[in-house]
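Residue-level structure breakdown
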Amino acid sequence: QVQLVESGGGLVQAGGSLRLSCAASGLTFRWYPMVWFRQAPGKEREFVGAISQSGDSTSYTDSVTGRFTITRDNVKNMVSLQMNSLKPEDTAVYYCASTVSLDWGNRDPNAMNYWGNGTLVTVSP
């Protein structure tokens with residue numbers, strides 16, 4: 001059974017940093033792209049960023065480019081999202097996810113097969 005478990009969320013002031021982690025089990029982690037999404041209150045779930053299976057390639061939505069960085073450790077079966085220069089509009093529940101299609105460039109949440117339960121990030125002004 002595949003499990004994705006996020007951690008690291010919390011309350012931070014604008015301009016601060018947080019590091020989210022996602023621990024994976026029940027799958028051959030190095031085969032799967034890993035994707036971060038977020039969902040703010042009253043809004044649809046949106047793509048944040050993704051990392052390829054090897055970790056050599058990443059992509060981000062425009063609003064976080066230059067502030068967020070995704071890395072992965074294929075030995076520890078973990079993916080991380082380093083978030084710097086946080087803004088109040090980054091407030092959301094953050095989810096890690098993956099897809100059996102193995103397409104690391106897929107940004108569609110409907111294409112994901114595995115989801116974590118999410119971790120709440122709140123950025124105060």
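Figured I'd write up the structure that's included with this text.

Cut-offs and rules
Residues numbered from 1 in each chain as written. Predicted model: local features only at pLDDT ≥ 70, side-chain atom pairs only at ≥ 80, totals over all residues. Heavy atoms only, no water. Phe/Tyr/Trp six-rings, centres within 6.5 Å; stacked < 30°, edge-to-face > 60°. Helix = DSSP H or I, 4+ residues; strand = E, 2+ residues; numbered from the N terminus. Buried < 20%, exposed > 50% of the residue type's maximum accessible area, 1.4 Å probe, protein only. Polar contact = N/O pair within 3.5 Å; in protein donor to acceptor, adjacent residues only side chain to side chain. Contact = heavy atoms within 4.5 Å.

Next up on the list: the packing of aromatic side chains. By the definition in use, this model includes four aromatic pairs. Residues Y32 and Y114 carry aromatic rings whose centres are separated by 6.2 Å and whose planes lie at 70° to one another, so their mutual orientation is edge-to-face. Of the two residues, Y32 is situated in the loop between β3 (18-25) and β4 (34-39) and Y114 in strand β10 (residues 114-115); the sequence distance between them amounts to 82 residues. Taking relative accessible area as the criterion, Y114 reaches 22% and is therefore assigned partly exposed. Taking the centre distance of 6.1 Å and the plane angle of 85° together, the rings of Y95 and W115 count as edge-to-face. One end of the pair, Y95, is in strand β9 (residues 92-98); the other, W115, is in strand β10, with 20 residues separating them in the sequence.

Turning to its location among the elements, R72 is positioned in strand β7 (residues 68-73). Of the polar contacts made by the side chain of R72, one reaches the backbone oxygen of Y32; its length is 2.8 Å. Polar contacts involving the side chain of R72 include one to the side chain of N74, which spans 2.8 Å. Excluding residues that lie within four positions of it along the chain, R72 makes contacts with F29, R30, Y32, P33, M34, I51, S52, Q53, S54, G55, M78 and V79.

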